[in-house]
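# Overview (structure and organization)
Below are the chains, spelled out letter by letter.
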Amino acid sequence: MTLQDDHDPTDQRTWFQRVFLDLAQQMRWSFLPPLMVYFAAGVSGLTSVVGAFYLKDYLDLSAEFIAGLAFWAGLPWILKVPMGHVVDLFWKWKALLILTGAGLITLSLLIMFGLVSRPEEMRAVLPLATWFVLALLLAPSGYAIQDVVADAMTVEAVPRLDDSGRTFSETQLRNMHTTMQTLGRIAIISGFMSVAAINIWVFTDAGTLPREARLALYARVYLTAFAIPVISVSGMLLHTLIQRRKTQRLLKAEPDNETEVNWQILGGGLFFVALSISLGTSNLAYAQEIVFVASLSVILYLIRQLLKKLEPAAANVLIGTAIIIFVFRAVPLPGPGLTWFEIDDLGFDERFLSILSLITSLLALVGLVALRPLMGDRSIAYIVVLLTIAAGVLSLPNIGLYYGVQEWTAAQTGGVVDARFIAILDTAIESPLGQIAMVPMLAWIARNAPPDLKATFFAVMASFTNMALSASSLGTKYLNKVFLVTRASVDPVTGEQISAANYTELGQLLIVVGVITVAVPLLVVFVVQSSRFQTSE
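Residue numbering note: each chain is counted from 1, following its sequence as written. Confidence filtering applies because this is a predicted model: local features only for residues at pLDDT of at least 70, side-chain atom pairs given and counted only at 80 or more, and all residues used for totals across whole chains, interfaces and linings. The basis for every side-chain value is the complete set of heavy atoms in the structure, and neither hydrogens nor water enter the calculation.

## Examining the environment of V485
- Think of it this way: any DSSP run of H or I at least four residues long counts as a helix, any run of E at least two long counts as a strand, and we number them from the N terminus. Relative to the elements of secondary structure, V485 occurs in the loop between helix 24 (454-482) and strand 1 (489-490).
- Each C-alpha atom, one on V485 and one on N502, is 5.8 Å from the other, the two residues being 17 residues apart in sequence.
- Only heavy atoms matter for contacts: two residues are in contact if any of them lie within 4.5 Å across the pair. If we ignore the near neighbours within four places in the chain, the residues touching V485 are A63, G337, W340, N502, Y503, L506 and L509.

Next comes the structure, spelled out in C-alpha cells:
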C-alpha cells in the first residue's frame, strides 16, 4: 500500500498542504508526552560540543580507547531488552522509571560540572579520565531507560477507535503510527536544533578566552543542561493527567492488557546484564568482543522467541528489514580523529561546530517532514540503498579537506569556497537523509507488535539495531589501531602539554571508511532482497 493509495484521487490540496499541514493536523494531545521525552533526549546535545572540546583539549585518551569507550557507552541501549519487558510488566508504575532515568542523567551532569569547574578536587578522589568515563556511561543509561518508556507510550498514544467508536482501518493506523514516529524524530531533532542555536550564542568569541574562562563557560553550559531531566519528567506528568482525563470520559475503563512474565526474555536479558557488567569491569583483552558476541547471541534468541508471536510472512519481513538496517548502521566511522583534525588544522572552533550542528538539525527537520511520503511510498531496502549511496558521495568532502582541496577552491573563488564553506555545504546536503532510516521500521513495529508486548518488541528490535552501533564502534576501534591518529592536549590545571598531534594517517583512514560505507550495505541489500526475507515494507 502506497501513500498515493491513501489519498482521494480528487484531492486538490497542494504538495505543501498534504506534506506539512497534514502532519500538523494529525497532531494529538496524546502525542505530546512521549514527544517531550524525545525532545529532552535531543536537548542532551547541549553538552556535546563542550564534551568534545574538553575531551580533545584536557584528557590524554587515544582515539582507539575512545572508540572502544563508545562501545561500552552504547551498551545501555542494548539493555533495553530487559528494561522493555520490565516496562510491560510494570506499566502502571512507568513514572518511576522516568524518574530513575532523570536521576542518572542528573548525576552524569553533576560529574561533568565538577570536572570543568573543580578539576583539582575531582582529581583528589579519582583520575579525571575515570570521572569522564563514569559520566559517559551514566548518561546513556538514563536516556535508554526513558526511551524505552517513551517508545511504549507512542503505541498507547495512537488511538484504535475514532470519535464515533469505529475501528480505524489498517491504512489509517499505518499513517498514524508513521506520523507518531515521524513526530518522535522531529522532537529529537528539534531538541538538537534548539541547543545548537543556544551554543552558537554561548560560544561567540569563545576562541579568544583564556583557559580558565573557557572552563568556566563550559561549567555554565552544564548547569543549563539540568533542564533536560526536568523536561522528561514534565512529559510523564502530562501523560498521567491525559490518561486520567481519558479514563474519566469513558463510560467504562478500557481493559488492561495483562503482560505475563516471559522468563526466557527476562532471564536472557538479565544474563546479558550480568555478563556485560562482569566483563566490562574485568581486564580481559577481548572483553568487548566477548560481550558483543554473547550479546548478539542473546538478542537473536530473544528475537526468535518474539517472532513466534507473528505470522510467518510478517516474521520474514521483520527479519529482512532488521538485517538491512543492522548492516547499514554497523559500518565503521572515522572516529574522533576527524573532529580533532578539524579543530587543530582547519581551525574549527566551538561556535562553528555549533553552526554545523544547527544546520544539520534544521535541514534534517525539514527533510524528515518533506521526505515523509518517501517513507510510506518506498521500501526500507530502497531507502537504505539511497542513504548508502548518499553517504559514500558525502564522504568525499572530508577526504578532500584532509588533502587540501579547500586551498585550491579558495584560490579559484577568491576565498569564498574555503574549508568552512565546504563543511557547511557537506552538512547541508547530508543532514536530511540520515534521520529517516529508522522511522519505517519503528512504525512497522508499532503497527504489528502485540498490545501486551509493545515495549518488549520495541526494546528487543531496538537493541538489535543498536548492536549495530556497537559493531560500528568495534570496527572504528580496529581501524584506529591500524591508522594511528593523535591530537594535542594539555593538563586542565597546569596547562602543560601532555600529547602531540599527528594526523599523517587520517587520510587513509577516511578513504577506507568511505569504501566500506558503500560496498557492504549495498551487498547485503542485494542478498536479502534475493531471499525469502525480502521486504517491500
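## So, a nonpolar patch on the surface
- The grouping of F90, W93, L96 and L99 at the surface amounts to a nonpolar patch, some 460 Å² of accessible area in total.
- By the secondary structure assignment, L96 is in helix 7 (residues 94-117).
- For each residue, the accessible area found with a 1.4 Å probe, counting protein chains only, is set against the maximum for its type, and the residue is called buried under 20%, exposed over 50%, and partly exposed in between. According to the relative accessible area criterion, L96 is exposed, its value standing at 52%. The residues that make up patches have over 30% relative accessible area and no salt bridge, and they are joined within 9 Å when like-charged or within 5 Å when they are Val, Leu, Ile, Met, Phe, Trp or Tyr. Only the protein chains shown count as cover for residues, with accessible areas throughout obtained via the Shrake-Rupley method and a probe of 1.4 Å. Salt bridges are identified by distance alone: a Lys or Arg side-chain nitrogen within 4 Å of an Asp or Glu carboxyl oxygen.

## Structural notes on the pattern of salt bridges
- If you walk through the whole model with that rule in mind, you get 1 salt bridge.
- E289 is the salt-bridge partner of K477, the closest N and O atoms lying 3.2 Å from each other. One end of the pair, K477, is in helix 24; the other, E289, is in helix 14 (residues 287-307), and 188 residues separate them in sequence. Judged on exposure class, the residue K477 and its partner E289 are both buried.

## Here we look at the nonpolar core
- To qualify as a nonpolar core, a set must consist of buried Ala, Val, Leu, Ile, Met, Phe, Trp, Tyr and Cys residues joined through side-chain atoms within 4.5 Å. One finds Y54, L115, F203, Y218 and L506 to be the most contacted residues of the largest nonpolar core, which totals 66 residues.
- Grouped together as the second largest cluster of nonpolar side chains are 44 residues, A287, V298, L302 and F533 included.

## Quick word on the environment of L353
- Here L353 shows up in helix 17 (residues 350-370).
- When the C-alpha atoms of L353 and I200 are compared, they prove to be 8.5 Å apart, with 153 residues separating the residues in sequence.
- Not counting residues up to four positions away in its chain, the partners in contact with L353 are F53, E342, I343 and F348.

## Here we look at the side chain of S44
- Note that S44 resides in the loop between helix 3 (32-43) and helix 4 (48-58).
- Assessed through its relative accessible area of 19%, S44 is described here as buried.
- Pairs of N or O atoms within 3.5 Å make up the polar contacts considered here, provided that, within protein, one atom can donate a hydrogen while the other can accept it, and that residues adjacent in sequence are counted only when both atoms are side-chain atoms. At a separation of 2.3 Å, a polar atom in the side chain of S44 contacts the main-chain carbonyl oxygen of A41.
- Filtering out sequence-adjacent residues up to four positions away, S44 remains in contact with Y143 and I228.

## A short note on the packing of helix 15 (residues 312-330) against helix 25 (residues 506-529)
- Orientation is described by axes fitted as lines to C-alpha atoms, over the contacting stretch for helices, and by angles from 0 to 180 degrees between their N-to-C directions. Running from amino to carboxyl end, helix 15 crosses helix 25 at an angle of 170°, the nearest separation of the two axes being 9 Å. Here helix 25 runs roughly antiparallel to helix 15, going by the angle between their axes. Taking contact as the criterion, the partners of G320, I323, I324, V327 and F328 in helix 15 are, on helix 25, V520, P521, V524, V525, V528 and Q529.
- Of the residues contributing to the contact of helix 15 with helix 25, the split by class is 9 nonpolar, 2 polar and no charged. Convention used here: angles under 35 degrees read as roughly parallel, angles over 145 as roughly antiparallel, angles from 65 to 115 as roughly perpendicular, and any remaining angle as oblique. Each residue receives one of three labels: charged for Asp, Glu, Lys and Arg, nonpolar for Ala, Val, Leu, Ile, Met, Phe, Trp, Tyr, Cys and Pro, and polar for the others, Gly being one of them.

## Here's the deal with the confidence of the model for the chain
- Across the chain, each position has a pLDDT score giving the predictor's confidence in that residue, from 0 to 100. The pLDDT averaged across the chain works out to 78; a share of 79% of its residues lies at or above 70.
- When the elements of the chain are averaged for pLDDT, helix 1 (residues 3-6) gives the smallest value, 38, and helix 25 the largest, 93.
- pLDDT under 50 marks residues 1-9. Its contacts with residues more than four places away, or in other chains, come to 15 contacts.

## Focus on the packing of aromatic side chains
- Pairing of aromatic rings covers Phe, Tyr and Trp, the last counted by its six-membered ring, and requires centre-to-centre distances within 6.5 Å; plane angles under 30 degrees mean stacked, over 60 mean edge-to-face, and any other angle means tilted. Under the definition given, this model contains 5 aromatic pairs.
- For the pair F341 and Y402, a centre-to-centre distance of 5.4 Å together with 50° between the ring planes defines the contact as tilted. On the criterion of sequence distance, the pair formed by F341 in helix 16 (residues 337-344) and Y402 in helix 20 (residues 396-402) is long-range, its members being 61 residues apart. As far as burial versus exposure is concerned, F341 and Y402 are alike and both buried.
- Either the NZ atom of lysine or the CZ atom of arginine qualifies as a charge over a ring when it sits within 6 Å of the ring centre and within 35 degrees of the ring normal. The side chain of R420 reaches across the aromatic face of F352, ending 4.5 Å from its centre.

## Digging into helix 4
- Of all 11 residues in helix 4, 9 are buried, a share of seventy percent or more.
- V49, V50, G51, F53, Y54, L55, K56, D57 and Y58 are the residues of helix 4 that are buried.

## Observations concerning helix 3
- Here helix 3 is 12 residues long and its end C-alpha atoms lie 16 Å apart, about the 16 Å a rise of 1.5 Å per residue gives.
- Considered for burial, the residues of helix 3 that qualify are P33, P34, L35, V37, Y38, A40, G42 and V43. By this rule the span expected of a helix is its residue count minus one, scaled by 1.5 Å.

## Describing the packing of helix 19 (residues 380-394) against helix 25
- One way to put it is that helix 19 packs onto helix 25 with a least axis distance of 9 Å and a crossing angle of 165°. On the basis of the axis angle, helix 19 is roughly antiparallel to helix 25. Crossing geometry of helix 19 relative to helix 25 is assigned as left-handed. Contact residues: helix 19 offers A381, V384, V385, T388, A391 and G392, while helix 25 offers T517, V518, P521, L522, V525 and Q529. Here a crossing is taken to be left-handed if its near helix is turned anticlockwise relative to the far helix by less than a right angle, and right-handed if that turn runs clockwise.

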